[in-house]
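Working through the structure, step by step
Here is how the chains run, residue by residue.
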Amino acid sequence: MPRFLHTADWQIGRQYSRFAEEDASILADARFTVIETLAALATEQAVDAVLVAGDVFDAQNLSDRTIHRTFQVMAGFTGPWLLLPGNHDAALAESVWTHAQRLSAVPDNVDLLLTPEVRVYQDLGFAVLPAPLTQRQTYNDLTEWFDRADTPEGLLRIGLAHGSVEGQLAEEIDSTNPIAADRAATARLDYLALGDWHGYKTIDARTRYSGTPEQERFKDNGAGQALIVDIERPGAEPQVQAHTTGQFQWIKHQGTLAAGVASDLDRLIAELDALPPRSVVDLTLDGEVDLSGYQTLLHYLGGAEARHRSFQSHLSGLNLIPTEEDIAALHADGYVGEVIGELRERQEGQGEEADTARTALAILAGMLRENGTTSESEQVESAQ
């Protein structure tokens, strides 16, 4: 019973410019670590081959070090690795693949599927039909030749492709690098391993996207996994099991607060506390909050940033609405009172000025509370 590990979209060399430098470096490094995880999984599960369905690399112009390191971290599995070029690392005349070959970086057990021709693995019981991309975008179905391809009798027919299955994915990505939805049937494939969609997706019993093994987008689509595929004999339906491989979960969280409603803030904090630690979190809040609640929120977010790999919060939609009790508790009149009033007005606006005013008001309130500042009238009275 041949067994495979199906993975795709490693995106080695991907940059994370939206994150702080330390976080960006660790997230980029996680893409190497997950290959080590895949190698360990392949060894543990005693697979016959690892099928990598495109976008091994995120770009063509990568450093020698990055290319060498990619192949070195595959050393934990000594069986065949079958690597297919995708749209990010297409098999151009000069490409990251030709660069790797010139560097002599490709181990003997790694097969680069750079041309559309049948590869026979007689001793392992299967033949592979690859559809490598030779340019970033095509408008013809590169898997069409599978239908006419002959393979030795008694061997599994395994297809390997990178693109968009027609009519199955989001409309905006269902235009280039098309793949017929019934290709497994028309080409008599026992399994069609796909890449390009970064989440785990089943097209039919013989056709699946594995998704990227290390999540890198805020989408809840089953990313961060690899597939173990068992096929008992030619014509038998594949048995597929998903295995978690990723280090970090990417979580987008949205919430709405109402000023003076403490339960809203309590509920939000409880929801955030329930998130897995060391996640990559993107938090967006809107609504209204009073000064006391805002200070509680800022204090909590400071701790949350330390618990997670990355914690980005967007509070521009959250209006800071001091209550009369908030203002009275600050004991601020005279010039300080005027400043507070002006900040309250400015934070009602839009854009950066409103954000600055909101932050300044919270900081000022915190300073006044911390220092126990008295009002100007009280200071004058005490001086008399």
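Keep in mind it's a predicted model, so treat the numbers as computed, not measured.

Turning our attention to the overall build of the protein chain. The number of helices and strands found in the protein chain is 10 helices and 17 strands. In terms of principal-axis extent, the alpha carbons of the protein chain reach across some 105 × 40 × 40 Å. Relative to its full complement of 384 residues, the protein chain shows a buried share of 50%. Pairs at least 24 apart in sequence give 71% of the contacts found in the protein chain among residues at least 6 apart. Working note: accessible area of the protein chain is about 17,800 Å², and carbon and sulfur atoms make up 47% of it. Between the centroid of the 28 positive side chains of the protein chain and the centroid of its 60 negative side chains there is a distance of 8 Å.

Enumeration according to the criterion identifies 11 aromatic pairs in this entry. One aromatic cluster is present, built from ring pairs that chain together Y16, F19, F218 and W250. The residue whose ring lies beneath R18 is F19, and the NZ or CZ to ring-centre distance is 5.3 Å. Seen from the ring of F218, K252 lies directly overhead, with NZ or CZ sitting 5.2 Å from the centre.

This brings us to the confidence of the model for the protein chain. Mean pLDDT over the protein chain: 90, with 90% of residues reaching 70 or higher. Confidence drops under a pLDDT of 50 for residues 373–384, and excluding neighbours within four residues, the segment shows 13 contacts in the predicted structure.

Taking 1.5 Å per residue as the helical rise, helix α5 (residues 262–273) with its 12 residues ought to reach 16 Å, and the 17 Å between its terminal C-alpha atoms agrees with that figure. When α5 is considered as a whole, its buried residues turn out to be D264, L265, L268, I269 and L272. For α5, the buried positions fall inside an angular range of 130° around the axis, keeping them on one side. Pointing more than 90 degrees away from the buried face of α5 are the exposed residues A262 and D266. For α5, the elements touching its buried residues are β15 (250–257), β16 (280–289), α6 (291–307) and β17 (310–320).

The residue T66 is located in helix α2 (residues 64–72) in this model. Side chain to side chain, T66 and S63 meet in a polar contact 3.0 Å long. Residues within four places of T66 in sequence aside, it is in contact with I12 and F32.

Bringing the nonpolar core into the picture now. Residues L5, W10, F71, W81 and L83 are the most contacted members of the largest nonpolar core, which totals 31 residues. The element contributing the most residues to this core is helix α1 (residues 21–44), with 7 residues. Residues contacting W10, with those up to four places away along its chain left out, are R31, I35, L38, V52, D55, V56, M74, W81 and P213. Listed in part, the 27 residues of the second largest apolar core include I251, L285, A304 and A362.

The subject of this paragraph is the environment of P213. Residue position: P213 is located in the loop between β12 (207–209) and β13 (225–230). Among the residues examined, P213 registers a relative accessible area of 0% and is labelled buried. Separated by 80 residues in the primary sequence, P213 and G293 place their C-alpha atoms 39 Å from one another. In contact with P213, other than residues within four places in its own chain, are T7, A8, D9, W10, V34, L38, G224, Q225, T245 and G246.

Applying the stated criterion across every chain yields a total of 17 salt bridges. Two residues, D29 and R69, come together in a salt bridge whose shortest N-O distance is 2.7 Å. Of the two residues, D29 sits in helix α1 while R69 sits in helix α2, which places them 40 residues apart along the sequence. R69 sits in the partly exposed class, given a relative accessible area of 24%. Shared partners join several salt bridges into a network, and the residues in it are R14, E216 and R217.

Reading the values: the criteria
Residues numbered from 1 in each chain as written. Predicted model: local features only at pLDDT ≥ 70, side-chain atom pairs only at ≥ 80, totals over all residues. Heavy atoms only, no water. Helix = DSSP H or I, 4+ residues; strand = E, 2+ residues; numbered from the N terminus. Buried < 20%, exposed > 50% of the residue type's maximum accessible area, 1.4 Å probe, protein only. Contact = heavy atoms within 4.5 Å. Areas by Shrake-Rupley, 256 points an atom, 1.4 Å probe, with all protein chains shown as cover. Lys, Arg positive; Asp, Glu negative; His and termini not counted. Charge placed at Lys NZ, Arg CZ, Asp CG, Glu CD. Phe/Tyr/Trp six-rings, centres within 6.5 Å; stacked < 30°, edge-to-face > 60°. Lys NZ or Arg CZ within 6 Å of the ring centre and 35° of its normal. pLDDT = per-residue confidence, 0-100. Expected span 1.5 Å × (residues − 1). Arc of directions from axis to C-beta. Polar contact = N/O pair within 3.5 Å; in protein donor to acceptor, adjacent residues only side chain to side chain. Core = buried A, V, L, I, M, F, W, Y, C linked by side-chain atoms within 4.5 Å. Salt bridge = Lys/Arg side-chain N within 4 Å of Asp/Glu carboxyl O.

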